[in-house]
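# Inside the fold
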Amino acid sequence: MDDRKTYEQWCTDSYFDDQTKEELTAIASDEKEIEDRFYRRLEFGTGGLRGVIGAGTNRMNIYTVRQATQGLANYIVSQNGQQKGVAIAYDSRRMSPEFAQEAALCLNANGIKTYRFESLRPTPELSFAVRELGCIAGIVITASHNPGEYNGYKVYWEDGAQITPPHDKNILAKVAEVTDFSKVKTMDVKTAKEQGLYQTIGNDIDDLYMEQLKRQSIHPELIAKAAGDMKIVYTPLHGTGNLPVRRVLKELGFAHVYVVKEQELPDGTFPTVAYPNPEDEKAWTLALKLAKEVDADLVLATDPDADRLGVYAKDTRTGDYVSFTGNMSGMLIAEYILRERTKAGTMPENPALVETIVTTDMAKAIAKDYNTKLIEVLTGFKYIGEQIRLFEQEQTYHYVFGLEESYGCLAGTYARDKDACVAVMLLCEAAAFYKLQGKTLWDAMLAMYETYGYYKEGLATLTRKGIDGAKQIQDMMSRARSNPPKTLGGLKVLAVRDYKEDIRKDLVTGETAPTGLPSSNVLYYELENNAWCCVRPSGTEPKIKYYFGVKGSSLEDAAQKLETLKQDMLK
C-alpha cells in the first residue's frame, strides 16, 4: 500500500479515533508531510521505538505503540512468560502516561500481567524493578534526551538490560509480523484490574531502589564532615530526576541542595530549553545563573528520564564553572571507586571496568593502574548491562563500574542500565572527599590528567532527515567503508575496524582478524600517537555521528590535536 492509500485508510477507518482523523485531515494538501508520516512504519530497532509524536505509521501514537506491544506480547507468549509479567515506567514527555497505559492494556489482553508505575519514574528504576519483581520484560516510555516533539518506547528483558541477542532480533521479527491493526489486542482497564492482570506499583519499589543506591556509597562518614560546607545546584530539566535525586542526596546528608525552580516540575513541553540534554551548553543557562548566586561548588543536570548526568564544577582559581564531558565525570567516579575500594580492601576478586568503544582511552590507563580488567563493548549501554549478566553466568569477573561517553554510567549491579541518580550520589561523595583536602572536582581532574595523560574526546553529528536523509547516511557509510583514509588529522591510520564485517585490518602489516564484537554498522580508525576516530549512524535519530579521541601533552595541546582531527574527519 502506498503512502496516500495508507493515509486515506487512517482518515476513514473506524479503528482510528476522531482526534487522529482531524490531525490528518488538516494536512490533506501537504504531500510532503503525508509522505513523511506514512512512507514507512516507525522502525522498531534493537532498542525499541523512537519518533516524533503524531498521527501516522511513521510517528509515535497509541496505534504504533499498541502494534509494537502486540509483537512483544507474541514473543513473551512464545517464551511462556505471561505469569512473570512486564514492568512499565514512563517519563515526563507528552503522551508518556497514555502510551504506558496502552502498552499495559495490550499486554493484559494477551493474558500477560503488568506492573505499571503509578507516576513518572527514572529509566534506571525500571531496570531495577524488572529484576526485583521477577518480570520477563520491561517497557519504559521515554525519548531520553531528544527534543520535546519526540517520544519513545524501550524494551528490557528479564536480566534488567535493554534487549540484546537473541531476544532483540526475535522480538523485532514478531513486531514486523504485526501488519494488521485488527490483529492488535486491547481491553479496558477495569476488566484488566478485575482479572488481576493490571497492577500498580510505586513507593515500595522506590524505597528498595533508594536502598540500593545508598549501598554504592564508599565513604558515607566523609559526607557528614563535608556536607555542611558544600553547595550543590541541581536541575532535572523538567524530567523524572527531581524526587529521587533530591531524596538520595538528603538521606546521605547533603544539606545544601538548590534546585532550579523554573525546571523543577515535570513538563513534556520543556518550556525553558530547546533541547533537554545535559550535553547541550544552552540547557545550563538557568542552572549556572543559580550557581553563581549561591556560590555553588557543583552544578548538576539530569536528562528527562534521569539516566544521563551533566556536570559543571567550580575552578577556584578563576571563579568560573568548568564543563565536564561524560568521559571526564565518568573517569572521576571510576578512579574514586577503584582507588578507595582498593585502599579499603573492598574490591572484589577479578574486578572489571566496562566501557564502549567510543569512550575515553583514559579508562584503560586507570584500569591498568588498579589491576582491573578493562572490557570494551559496542556503543549502547545495553552491551554493558549484558556484560554484567555474562560475568555472573560464567563466573569470570566482578563488575565494578561501567560508562559510556554520552554522560551515562553505572556503579553496582542493582540495575543494568546507566543511572544518573547513582552518578549524582557518587560524584557528590567524591566532591566531599576532595573538599576535605581543600580541592575541587576540577583540581581532581587536573591531577588525573597529570597522572594518566591529557586525554580529550569530541563528538560531531550531521543530521539528515526523511527518506533522502536516510539514504545519504547510508551512502556516507558506504563511501567510508570502500575508501578508507591513510591519514587523518595528520596522523597515520594504523588499523581499521569494520564492525559490520567483523574485520580488523592492520594497515601496517596487512593482517586481518575478527573484531570480537557483534555485527554493527560502525567504522573505527586506530591512529598513531594514541589517537582514534569512529563513525556510525545514530540508532535513535536521523544523524550520522563522528567520535574523536587524542592524547596530548597539555590541555591546550590536546584541544588543538582534537580540533585538527575533527576538521579532517568531517571533510
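Residues numbered from 1 in each chain as written. Predicted model: local features only at pLDDT ≥ 70, side-chain atom pairs only at ≥ 80, totals over all residues. Heavy atoms only, no water.

### Re the overall build of the chain
Check the secondary structure of the chain and you find 19 helices and 23 strands. Relative to the globule expectation of 25 Å for 571 residues, the C-alpha radius of gyration of the chain, 24 Å, shows essentially globular dimensions. If one aligns the C-alpha atoms of the chain with their principal axes, the spans along those axes are about 70 × 55 × 50 Å. Within the span of the chain, comprising 571 residues, buried residues form 58% of the whole. Pairs at least 24 residues apart make up 68% of the contacts formed inside the chain by residues separated by at least 6 positions. Summed over all atoms, the accessible surface of the chain reaches about 23200 Å², with 47% contributed by carbon and sulfur. Both charge centroids of the chain, one from 69 positive and one from 81 negative side chains, sit 1 Å from each other. (Helix = DSSP H or I, 4+ residues; strand = E, 2+ residues; numbered from the N terminus. Rg over C-alpha atoms; globule rule 2.2 N^0.38 Å. Buried < 20%, exposed > 50% of the residue type's maximum accessible area, 1.4 Å probe, protein only. Contact = heavy atoms within 4.5 Å. Areas by Shrake-Rupley, 256 points an atom, 1.4 Å probe, with all protein chains shown as cover. Lys, Arg positive; Asp, Glu negative; His and termini not counted. Charge placed at Lys NZ, Arg CZ, Asp CG, Glu CD.)

### Describing the sheet that holds strand β14 (residues 398-404)
Within a beta sheet, neighbouring strands are joined by backbone hydrogen bonds and run either parallel or antiparallel to one another. Here we have four strands laid out as an open sheet, ordered β13-β12-β14-β15, and mixed in their pairing. In the strand order of this sheet, the two ends are held by β13 (373-377) and β15 (408-411), each with one partner. This sheet shows a mean twist of 20° between the axes of neighbouring strands, independent of strand direction. With five bridges connecting them, strand β12 (residues 351-356) and β14 associate as parallel partners. Across the sheet, residue Pro-351 finds its bridge partner in β14, namely His-398. Along the sheet, helix α13 (residues 326-344) makes contact with β12, β14 and β15, crossing β14 at roughly 165°. Seen against the sheet, helix α14 (residues 362-369) touches β12 and β13 and runs at an angle of roughly 155° to β13. (Pairing = 2+ DSSP bridges. Axes fitted to C-alpha atoms, helices over the stretch in contact; angles between N-to-C directions.)

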